[in-house]
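The residues making up each chain are set out below.
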Amino acid sequence: MPRVLLTGFCAVPGPRRAGVQLRHVIRALTPHHSVDLLVVREGEQAYVERQGSVRVLRVPTHDADLRTQIQAFQRALKRQLDGADYDVVHCRDSWSCIPVLEARSRLGYAVVYDLTRSPIGESALDPELDAQYGRDEEACLLAADLVLAPTTTAVKALRGRGAPERVVFSPPGVDVDRFDWD
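Residues numbered from 1 in each chain as written. Predicted model: local features only at pLDDT ≥ 70, side-chain atom pairs only at ≥ 80, totals over all residues. Heavy atoms only, no water.

## Quick notes on helix H3 (residues 94–107)
Right, on to step 1. The end-to-end C-alpha distance of H3 is 19 Å, a good match for the 20 Å that 14 residues give at a rise of 1.5 Å each.
Right, on to step 2. Along H3, the sharpest kink reaches roughly 30°, centred on Leu101.
Right, on to step 3. The backbone nitrogen of Trp95 lies 3.2 Å from a side-chain oxygen of the residue at the head of H3, namely Asp93.
Right, on to step 4. Positive backbone phi, at 75°, marks Gly108, one or two positions downstream of H3. (Helix = DSSP H or I, 4+ residues; strand = E, 2+ residues; numbered from the N terminus. Expected span 1.5 Å × (residues − 1). Bend = angle between axes of the 7 residues up to and from the residue. Polar contact = N/O pair within 3.5 Å; in protein donor to acceptor, adjacent residues only side chain to side chain.)

See the structure below:
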């Protein structure tokens with residue numbers, strides 16, 4: 001069974017969109033893969049725990065400024081990559097993907113970059129951090145082995161930039177059957 005590290009700069013479970021979406025990604029991956037999840041620790045969450053067959057690893061970022069939290073998360077991600085053997089690393093944001101791409105040739109895993117997660121709109125980024133995120137996202141789009149795009153418009157735009165076989169439509173979606181009371 002292939003080993004997958006799923007990572008994102010968010011809390012799981014968590015109140016924000018990214019944390020909720022990650023739980024759905026986990027459900028999709030676990031029937032066919034062995035999954036580790038590396039995310040941010042929020043509040044009194046356990047540092048390490050099992051949720052079904054998934055090992056959840058949470059990184060304490062303390063109450064520092066956002067830039068310091070990101071750096072702490074990236075250091076922990078690098079340690080995790082060096083300490084375990086993965087076939088695929090699935091990144092939900094560019095803050096996770098940059099260190100993953102840096103270690104890819106040395107560690108030999110495939111990289112999936114998922115555009116459904118973006119910090120824009122979820123927090124107030126300072127202009128410098130926002131610009132850096134944009135530059136990092138561009139690097140991730142160009143270097144990832146597979147890019148998951150949330151809309152058909154995004155797929156079309158990304159495929160027009162080259163390597164169309166690397167871009168796949170993956171809607172964030174809602175299971176409407178859960179709301180069908182009839």
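## Examining the packing of helix H2 (residues 66–83) against H3
Right, on to step 1. Between H2 and H3, the shortest axis-to-axis distance is 9 Å and the interhelical angle comes to 25°. As the angle between them shows, H2 and H3 are arranged roughly parallel. In terms of crossing hand, the pair formed by H2 and H3 is right-handed. Seen from H2, the contacting residues are Leu66, Ile70, Phe73, Gln74, Leu77, Lys78, Leu81 and Asp82; seen from H3, they are Trp95, Ser96, Pro99, Val100, Glu102, Ala103, Arg106 and Leu107.
Right, on to step 2. The residue inventory of the contact of H2 with H3, partitioned by class, reads 10 nonpolar, 2 polar and 4 charged. (Axes fitted to C-alpha atoms, helices over the stretch in contact; angles between N-to-C directions. Parallel < 35°, antiparallel > 145°, perpendicular 65-115°, else oblique. Left-handed = near helix turned anticlockwise from the far one by under 90°. Contact = heavy atoms within 4.5 Å. Nonpolar A, V, L, I, M, F, W, Y, C, P; charged D, E, K, R; others polar.)

## So, the packing of aromatic side chains
Right, on to step 1. Taken as a whole and judged by the stated rule, the model has 3 aromatic pairs.
Right, on to step 2. An angle of 85° between the planes, with centres 5.3 Å apart, marks the rings of Phe9 and Trp95 as edge-to-face. On the criterion of sequence distance, the pair formed by Phe9 in the loop between strand E1 (3–7) and helix H1 (17–29) and Trp95 in helix H3 is long-range, its members being 86 residues apart. Assigned by exposure class, Phe9 and Trp95 land together as buried.
Right, on to step 3. A centroid spacing of 5.0 Å and a plane angle of 80° characterise the contact between Trp95 and Tyr133, whose relative ring orientation is edge-to-face. A residue pair is termed long-range when its members are at least 10 positions apart, and Trp95 in helix H3 and Tyr133 in helix H4 (residues 127–143) qualify at 38 residues. For the pair shown, Trp95 and Tyr133 are each scored as buried.
Right, on to step 4. Counting every residue linked through ring pairs, the aromatic cluster contains Phe9, Phe73, Trp95 and Tyr133.
Right, on to step 5. Lying over the aromatic face of Tyr47, Arg41 brings its terminal NZ or CZ to 4.0 Å of the ring centre. (Phe/Tyr/Trp six-rings, centres within 6.5 Å; stacked < 30°, edge-to-face > 60°. Buried < 20%, exposed > 50% of the residue type's maximum accessible area, 1.4 Å probe, protein only. Lys NZ or Arg CZ within 6 Å of the ring centre and 35° of its normal.)

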